[in-house]
Amino acid sequence: MFSGTMPDAWIVGTMVAVVGGAIGFFVVLRGAAFAAHAIPSGSFAGAAGATLVGVSTLLGLGLFAVLGAFGIAGLSHRGRRDVGTALALVLLLGLGALFVSLSAEPASSIFALLFGEVLAVGRGELLPTAALTAVCLAALATLWRPLLLASALPEAVVGARAVTLDLAFLLLVALATTMTVPVVGTTLIFSVLVAPAATARSLAGTPGRALSLSVITALAIVWSATALAYLTEWPIGFFVGSLGAAAFLAARLGTSPARAGGSRRGSRSSAAQS
Amino acid sequence: MSLGGDVGLRVQDVTVELGGRRVLDEVRFELPAGTLTGLIGSNGAGKTTLMRVILGQLSPTRGAVLLPDVAGHRAVGYVPQKFLLDPDMPVRGRDLVALGLDGHRLGFPLPNRERRRRVAEILRAVGAEAVADERVGRLSGGEQQRILIAHALVSRPRLLLLDEPLANLDLRSAREVVDLLARVAREQRVAVLISAHEMNALLPAMDRVIYLADGRAACGTAEEVVRPDVLSRLYGHRVEVIRVGGRVLVIAGDSDDAEPSHPHHHDGAF
Ligand SMILES: Nc1ncnc2c1ncn2[C@@H]1O[C@H](COP(=O)(O)OP(=O)(O)OP(=O)(O)O)[C@@H](O)[C@H]1O
Ligand SMILES: [Mg+2]
């Protein structure tokens, strides 16, 4: 399974996991799981539109993901943003329905868009994915501190700066979406963009450790899923989805708040009193 | 235009109208460096609005705010009235305080001994060292308050604004926080402005008071401002001030007795 087109699948999968795990850290920290779902789902319309007019799927995905990011930022009011996000999602999905019905695309390629097909990832996707990975990681490293502060203590970062950081974050999600959808599909992006970071958050108590653990978890999920998909010839989406959910649930059960919180608290207060 | 070394803040005739209502009405005062000032007023008096104007989050309808200008770091520290720290987020108090130092800077932070030392020093100063390595969202309200004070102080601001910092604290913690802030004001030459709807916790430590009522302000020392004549004029109806055992009670008198043209009005403190 390391021959033929497989090495490309492994390399693309690895890049997707690294970027997804890293950006997922902020998705979970900002409570933006819905936006991280809406952007990829909306970008589905871009992919459908791209096949309709005959340009690269990646281009369509990227364009509509960015559109989705601006839509969510523009339609949301301060504070709660679920209505604005839903609105942006519905607008894009409506377009997607139109594009799909207009194009004579076989159902299998629609299925691939929805649920991913890492094994079919080809040479052509290698370079764009690498470029997107570089851009995402560079942007993340640059914005690390301002974004961490604005996410952890939103009250400390207000006005134009908060709006800019929020838009930057949504655009990062859009970039991550563009490279991730061809691998795991629009519907299962949760497993790369949310599950690893949510798992890591339960286990690691500092930003640096949670970020690292999120990337490691994403790598473990994507690698295992790729191997299992190859061996069983079942869709990768099934494995990515179930492994993501399993990791998250295992971490949740392993660190139920009553147990973890209780013991640490006890040791601290006794130390303070002695 | 900015301020010289011994003034922490100058508010010049600030008027704010929001939704057709005058929330602040020609408020003017100055905060000397190294002093602690109480911003006292009941709910809706305009305390948070005044702080937002000082922070530049809200532009006044008229008037201006002059701030100290310090090259290289933020000159104003702020602890908001309302904040919500997610209990599950993987961020320690220590991380939040470090972000107070350089959270506005771009780039990934490299390990830095000086940064760590500054953070540890300020955590010790606010008495939050013991809880600094817990997830900050899981700390008690008072512990979070201290972490936020450290977050605001660590960049060595010239002006520190705290919006109702005592609201969630029990009497003893409130006293400790006030003592801490008074010490910070003196030792680090910071002008500290604390809002509260009740002034008694602040009385022992407060150098000056700004009393807000219906958007208007009276400023001076507690002796100058917390008097029946001054407060009656501020409120526009009769107010009684009762001092018992070192505590002050401000009681609205019967409004039928209001006497706007009372001959004994005191003008000094406005
Ligand atoms: N954006 C706004 N639009 C209209 N009115 C506003 C706005 N913001 C504040 N106000 C009004 O201004 C008045 C002062 O509000 P502010 O929040 O400054 O009060 P406060 O003194 O901080 O009160 P509290 O002790 O309850 O925190 C209130 O009556 C409030 O309703
Ligand atoms: Mg207020």
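Not measured: the values here are computed from a predicted model.

K.L.:
For this particular structure, what's the right way to read the overall build of chain B?
P.N.:
When helices and strands are tallied, chain B shows 7 helices and 11 strands. For 270 residues, the compact-globule estimate of 2.2 N^0.38 gives 18 Å, and chain B sits close to it at 20 Å. C-alpha extents for chain B along the principal axes are approximately 65 × 40 × 35 Å. Split into buried and exposed, the 270 residues of chain B put 52% on the buried side. Across chain B, the fraction of contacts at a sequence separation of at least 24, relative to all contacts at a separation of at least 6, is 66%. Here chain B displays about 12600 Å² of accessible surface, and carbon together with sulfur accounts for 48% of that area. Placing the 35 positive and 35 negative side-chain charges of chain B at their respective mean positions leaves the two points 7 Å apart.

K.L.:
What is the right way to look at the site of ligand 1 in this model?
P.N.:
Residues and elements named next belong to chain B. Around ligand 1 sit 13 residues, and of these R21, G44, K47, T48 and T49 come closest. R21 places a side-chain nitrogen or oxygen 2.8 Å from an oxygen atom of ligand 1. Notes on ligand 1: free accessible area 640 Å², of which the protein chains cover 65%. Elements supplying a minimum of two residues to the shell around ligand 1: β2 (21–32) and α1 (47–55). Ranked by residue count, the leading element in the shell around ligand 1 is α1, at 3 residues. Class assignment of the residues belonging to the shell around ligand 1 gives a composition of 3 nonpolar, 7 polar and 3 charged.

K.L.:
Mind showing me how you'd approach the nonpolar core here?
P.N.:
Note on soluble globular proteins: their nonpolar side chains tend to be buried together. Ranked by internal contacts, the top residues of the largest apolar core, which has 133 residues, are I23, F26 and L193 of chain A together with L96, L181, V192 and L202 of chain B. Considering each element in turn, this core owes the most residues, 12 residues, to helix α1 (residues 6–29) of chain A. M51, A191, I210 and L212 of chain B belong to the second-largest nonpolar core, a separate cluster that totals 25 residues.

K.L.:
I tried to follow the interface of chain B and chain A on my own but got confused; where do I start?
P.N.:
In many analyses, interface size is given as the accessible surface area lost on bringing the parts together. Taken together, the contact between chain B and chain A spans 34 residues of the former and 29 residues of the latter. In this assembly, chain B packs against chain A so that about 2700 Å² is buried in total across both faces, 58% of it on carbon and sulfur atoms. At the junction of chain B and chain A, the tally comes to 3 salt bridges. Note that D88 of chain B and R252 of chain A form a salt bridge whose closest N and O atoms lie 3.7 Å from each other. Taken together, the links from chain B to chain A amount to 9 residue pairs in polar contact (both at pLDDT 80 or more). Among the elements of the structure, α2 (93–102) and α4 (141–153) of chain B are those that each provide at least two residues to the side of chain B that touches chain A. Ranked by residue count, the leading element in the side of chain B that touches chain A is α2 of chain B, at 4 residues.

K.L.:
Help me understand the environment of E176 of chain B in this model?
P.N.:
Relative to the assigned elements, E176 of chain B resides in helix α5 (residues 171–188). A C-alpha to C-alpha distance of 9.4 Å links E176 of chain B and G127 of chain B, two positions 49 residues apart in sequence.

K.L.:
What should I look at first to understand the environment of L167 of chain A in this one?
P.N.:
Residues and elements named next belong to chain A. If you trace the backbone, L167 turns up in helix α7 (residues 159–184). The partly exposed category is assigned to L167, whose relative accessible area is 23%. With 116 residues separating them along the chain, L167 and T51 place their C-alpha atoms 28 Å apart. Sequence-distant contacts of L167, defined by excluding residues within four places in its chain, comprise A69, F70 and A73.

K.L.:
Is there a simple way to think about the side chain of D95 of chain B in this case?
P.N.:
Mapping D95 of chain B onto the fold places it in helix α2. Not counting the four nearest positions on each side in its chain, D95 of chain B is found in contact with T206 and P207 of chain A.

K.L.:
Any chance you could explain the packing of aromatic side chains here in plain terms?
P.N.:
What describes a pair of aromatic rings is the distance from one ring centre to the other and the angle between the planes of the rings. Residues and elements named next belong to chain A. Across all of its chains, the model carries 9 aromatic pairs over all chains by this definition. Measuring from centroid to centroid gives 5.1 Å for F25 and F26, while their planes differ by 75 degrees, and the two rings are edge-to-face. Overall, F25 belongs to the buried group, its relative accessible area being 3%. Aromatic pair F25 and W144: ring centres 5.4 Å apart, planes at 25 degrees, arrangement stacked. Placement of the pair is F25 in helix α1 and W144 in helix α6 (residues 123–152), with a sequence separation of 119 residues.

K.L.:
Quick question: what am I supposed to make of the coordination of the magnesium ion (ligand 2) here?
P.N.:
Metal coordination angles have textbook ideals: 109.5 degrees for a tetrahedral set of four donors and 90 or 180 degrees for an octahedral set of six. Residue and element names in this part refer to chain B. For the magnesium ion (ligand 2), the full set of protein donor atoms is T48 (OG1) and Q81 (OE1), and the range of their distances to it is 1.9 to 2.3 Å. Remark: Q81 occurs in the loop between β5 (76–79) and α2 and T48 occurs in helix α1; sequence separation between them is 33 residues. The exposure class assigned to T48 is partly exposed, which follows from its relative accessible area of 29%.

K.L.:
Help me out: how do you make sense of the layout of surface pockets in this one?
P.N.:
Take a probe with the size of a water molecule and roll it over the atoms, and the empty space left behind shows itself. As a volume, the second largest pocket reaches approximately 580 Å³. R92, D95, A98, P109 and R115 of chain B are, among the 20 residues lining the second largest pocket, the residues nearest its centre. Mapped by element, the contributors of at least two residues to the lining of the second largest pocket are α6 and α10 (207–232) of chain A together with α2 and α3 (113–125) of chain B. Per-element tally for the lining of the second largest pocket: the top contributor is α2 of chain B, with 4 residues. A breakdown of the residues in the lining of the second largest pocket according to their chemical character gives 10 nonpolar, 3 polar and 7 charged.

Criteria and cut-off values
Residues numbered from 1 in each chain as written. Chains lettered and ligands numbered in written order. Predicted model: local features only at pLDDT ≥ 70, side-chain atom pairs only at ≥ 80, totals over all residues. Heavy atoms only, no water. Helix = DSSP H or I, 4+ residues; strand = E, 2+ residues; numbered from the N terminus. Rg over C-alpha atoms; globule rule 2.2 N^0.38 Å. Buried < 20%, exposed > 50% of the residue type's maximum accessible area, 1.4 Å probe, protein only. Contact = heavy atoms within 4.5 Å. Areas by Shrake-Rupley, 256 points an atom, 1.4 Å probe, with all protein chains shown as cover. Lys, Arg positive; Asp, Glu negative; His and termini not counted. Charge placed at Lys NZ, Arg CZ, Asp CG, Glu CD. Near = heavy atom within 4 Å. Polar contact = N/O pair within 3.5 Å; in protein donor to acceptor, adjacent residues only side chain to side chain. Nonpolar A, V, L, I, M, F, W, Y, C, P; charged D, E, K, R; others polar. Core = buried A, V, L, I, M, F, W, Y, C linked by side-chain atoms within 4.5 Å. Buried area = accessible area lost by both parts, 1.4 Å probe. Salt bridge = Lys/Arg side-chain N within 4 Å of Asp/Glu carboxyl O. Phe/Tyr/Trp six-rings, centres within 6.5 Å; stacked < 30°, edge-to-face > 60°. Donors = N, O, S within 2.8 Å, 3.2 Å for Na, K, Ca; no water. 1 Å grid on protein atoms, 1.4 Å probe; cavity = no way out; pocket = protein on both sides within 12 Å on 5 of 7 lines; lining within 4 Å. Points joined across faces, edges and corners; volume = space filled by probe spheres on them.

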